[in-house]
Amino acid sequence: MFSWLNNIRERVRNLNKNINEYQKDTIIQSLPSLAYVNKAKKLIDKGNLKEAEEQLKKALELPQEDALVYKYLGIIYDKSLRFFDAVEMYQKSADIAPQDKNIWQKLGFALVNIQEYDRAEKSFDNANKISPANSDTFTGWGMALMKNEKYEEAHEKFVEASKYNRYNFMAIFMSAVMEVKLEMFESASAKLKFLINLNPNEGNIYEYAHLRYLKNDYQDAIHYAEKSLEYNSNMLPSYLLIGKVYALQFDEKSLEYFLKAEEKGLINANLYLEWGKALLRLSKYQVSKHYLLKAIDMEPENVEIIEYLALCNVLLDDMKDAPPLIEKLRSFDAESKVLARIDGIMNYKNGNYKDAYYNLKNNAEEFDENNFLNYYYMAKASEKLKDDTRVKDSYESAVLKNPKYTQAYIEYARYLLSKNNFAEAQRKLRKIIKFEPENIEILNLMFHISYILVKENLCEYNIKETISIAQKISPDLFKYQNELDDLTEIRNSKFEREKS
């Protein structure tokens, strides 16, 4: 969903810190401010940033401006996460000493941190003009381009950075991330495997897990995401990825990973969004709405959250909460695929069955993880249109796309029952009862259909099996007492008499 951008600011900051901050400075060493700068450098080394800042501010009182004073003030503000102040200091230093490559590098990284990506690009370009072929310069340049969504150019810069330093693991990693983004999966896979073997960490391993997910290798995706958690148990993207993969397989184990993330305090809108999406896919609409409401409270303008909350409300027939969300979504993104699905379902609920069918059919994309909803409502619309061929085709597609789609199986069985196709209705219910052996609605329907079939072919075994279905249902929830009494009488009168 979605994850490698989450920690990019920290990556940029760490890379900036790794640049040799105390290279031989090119400024004239005879300036009176040099004593203050040297004291500040020693204090910075010891972590005494406040005292170092005080020394440098004394130097600012001198009549002659010194680029080094501003440079080291920038370093102090960088370390203190005061990135806007760092940018101001680095820019002043660069204005005084424009030939200092190191200042342009630092300015570039600080600009990335305050999201001024265009300026950052120019800053790294300046650093490269002064001192070409520097790996750190190209790494920062790539980051600025990446954040500006210039992925091909960013990829080129990261590749260039790794050429100049084959141990620049950050550049190799980011080039792989760009290759995933650009769907250059084979090249990305080779790079990530190299990093996992030579420099394993939670980020490298997670990205490889994400790549396996994109390649539909779900077993490997789960394996490597779990492995990334061994390096860092607070790696939220890994919990989300595992939860998503299990949900794609309609496995309720998915929910355990969202819960683990919440229990660890790894809470943000994305956690609740993915949790809600997983629950929706598992047809748990009411609980899904609960988590999607948590998500929208955190990010009320997030389009994806609005999409899924609106869809959830429509599936719940909540016509109070759904309309304002739909209108808001329409104003944000009229081309939303989820909105198209919502419109199709709404057409069905409003009795526009033909429009519903074609709207949902046109939106039932092959690789859409929730297209089973389209087929289900296409089947329901086709029932209203009395198009038996489309009813069967649509129900078959719905249960093929989601083999645990209980409501689709039940409605399909009811439809087959209405067509007197009792044996096929029974087969459909036997498929879904494996996943929900205590579902009262399925058990009642199974008993009723089995009763009809038994009456057509009386035998002791079939009667016994049908009665056993009724015995699994609490008397107050059982709907077919007269039919059960009839079978019990047949068993007692016919078969008991034959035995005697």
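As shown above, the structure is provided for reference.
Note that the structure is a prediction, hence the values are computed from the model and not measured.

(A) Molecular detail of the pattern of salt bridges. This model, assessed by the stated rule, comprises 30 salt bridges. Residue D100 pairs with K71 through a salt bridge whose shortest N-O separation is 3.6 Å. Of this pair, D100 sits in the loop between α5 (83–96) and α6 (101–113) while K71 sits in helix α4 (residues 67–79), and the two are 29 residues apart along the sequence. Under the relative-accessibility criterion, D100 is labelled buried at 8%. Of the residues examined, K71 reaches a relative accessible area of 2% and is grouped as buried. The salt bridge partner of R212 is D217, with a shortest N-O separation of 3.4 Å.

(B) Expanded view of the layout of surface pockets. Computed from the structure, the second largest pocket encloses a volume of approximately 440 Å³. Lining the second largest pocket are 20 residues, and of these L282, S283, K404, T406 and E436 lie nearest its centre. For the lining of the second largest pocket, the elements supplying multiple residues, two or more each, are α22 (371–384) and α24 (406–418). At 3 residues, the largest contribution of residues to the lining of the second largest pocket is made by α24.

(C) Focus on unusual backbone geometry. The phi torsion at E149 lies on the positive side, around 60 degrees, for a residue other than glycine. Within the secondary structure, E149 sits in the loop between α8 (135–147) and α9 (151–164). Residues other than glycine seldom take positive phi values, yet F250 does so here, at roughly 55 degrees. With respect to the helices, strands and loops of the structure, F250 is situated in the loop between α14 (236–248) and α15 (254–263).

(D) Spotlight on the side chain of H448. Along the chain, H448 falls in helix α26 (residues 440–456). Assessed through its relative accessible area of 16%, H448 is described here as buried. Residues in contact with H448, not counting those within four places in the same chain, are L417, Y480 and E483.

(E) Seen up close, the packing of aromatic side chains. The full count for this structure, using the stated rule, is 22 aromatic pairs. Here Y246 and Y257 contribute two aromatic rings whose centre-to-centre distance is 6.0 Å and whose plane-to-plane angle is 25 degrees, an arrangement assigned as stacked. Placement of Y246 in helix α14 and of Y257 in helix α15 is noted, with a sequence separation of 11 residues between them. Exposure class is identical for Y246 and Y257. Each is buried.

(F) Inspection of helix α16 (residues 269–281) at higher detail. Helix length check: α16 (13 residues) gives 18 Å between terminal C-alpha atoms against 18 Å at 1.5 Å per residue, within 8%. Among the residues making up α16, those that are buried are A269, L271, Y272, L273, E274, W275, G276, K277, A278, L279, L280 and R281. Elements in contact with the buried residues of α16: α14, α15, α17 (285–298), α18 (303–315) and α22. The residue sitting at the N-terminus of α16 and contributing the capping side-chain oxygen is N268; that oxygen lies 3.0 Å from the backbone nitrogen of N270. S283 sits one or two positions beyond α16 and adopts a positive phi of about 65 degrees.

(G) Quick peek at the packing of helix α25 (residues 422–433) against α26. In contact at an axis separation of 10 Å, α25 and α26 are set at 145 degrees when each is read in the N-to-C sense. Crossing angle aside, the handedness with which α25 passes α26 is left-handed. Every residue of α26 that contacts α25 at F422, A423, A425, Q426, L429, R430, I432 and I433 is listed here: I442, L443, L445, M446, I449, S450, I452, L453 and E456. A breakdown of the residues in the contact of α25 with α26 according to their chemical character gives 13 nonpolar, 2 polar and 2 charged.

Scoring rules and cut-offs
- For every chain, the first residue of the written sequence is number 1, and numbering continues from 1 onward in sequence order.
- Side-chain atom pairs in this predicted model are given and counted only at pLDDT of 80 or more, local residue features only at pLDDT of at least 70, and totals for whole chains, interfaces and linings cover all residues.
- The side-chain numbers reported here are obtained from all heavy atoms of the structure, hydrogens and water having been left aside.
- Salt bridges are defined by distance alone: a side-chain nitrogen of Lys or Arg within 4 Å of a carboxyl oxygen of Asp or Glu.
- Only DSSP runs of H or I covering at least 4 residues are called helices, and only runs of E covering at least 2 are called strands; the numbering of each starts at the N terminus.
- Think of it in three bands: residues with accessible area under 20% of the maximum for their type are buried, residues over 50% are exposed, and the middle band is partly exposed, with areas taken using a 1.4 Å probe on protein chains only.
- Here the term cavity refers to a set of points on a 1 Å grid, laid over the protein atoms alone, in which a 1.4 Å probe fits but cannot get out; the term pocket refers to an open set having protein on both sides within 12 Å along at least five of seven lines, with lining residues being those that place an atom within 4 Å of a point.
- Grid points are joined across faces, edges and corners, and a volume is the space filled by probe spheres set on the points.
- By definition in these notes, contact holds between two residues if any of their heavy atoms fall within 4.5 Å.
- Each Phe, Tyr or Trp ring, with Trp reduced to its six-membered ring, pairs with another whose centre is within 6.5 Å; inter-plane angles below 30 degrees give stacked pairs, above 60 give edge-to-face pairs, and intermediate values give tilted ones.
- Under the convention used throughout, the expected extent of a helix is 1.5 Å for every residue step, that is, one less than its residue count.
- Polar contact criterion, stated in full: a pair of N or O atoms within 3.5 Å, where within protein one must be able to donate a hydrogen and the other to accept it, and residues adjacent in sequence count only if both atoms are side-chain atoms.
- What counts as an axis is a line fitted to C-alpha atoms, over the stretch in contact for a helix, and the angles between N-to-C directions run from 0 to 180 degrees.
- Take the far helix as your reference; a near helix turned counterclockwise from it by less than a right angle gives a left-handed crossing, and one turned clockwise gives a right-handed crossing.
- Three categories are distinguished: nonpolar for Ala, Val, Leu, Ile, Met, Phe, Trp, Tyr, Cys and Pro, charged for Asp, Glu, Lys and Arg, and polar for the others, with Gly belonging to the last.

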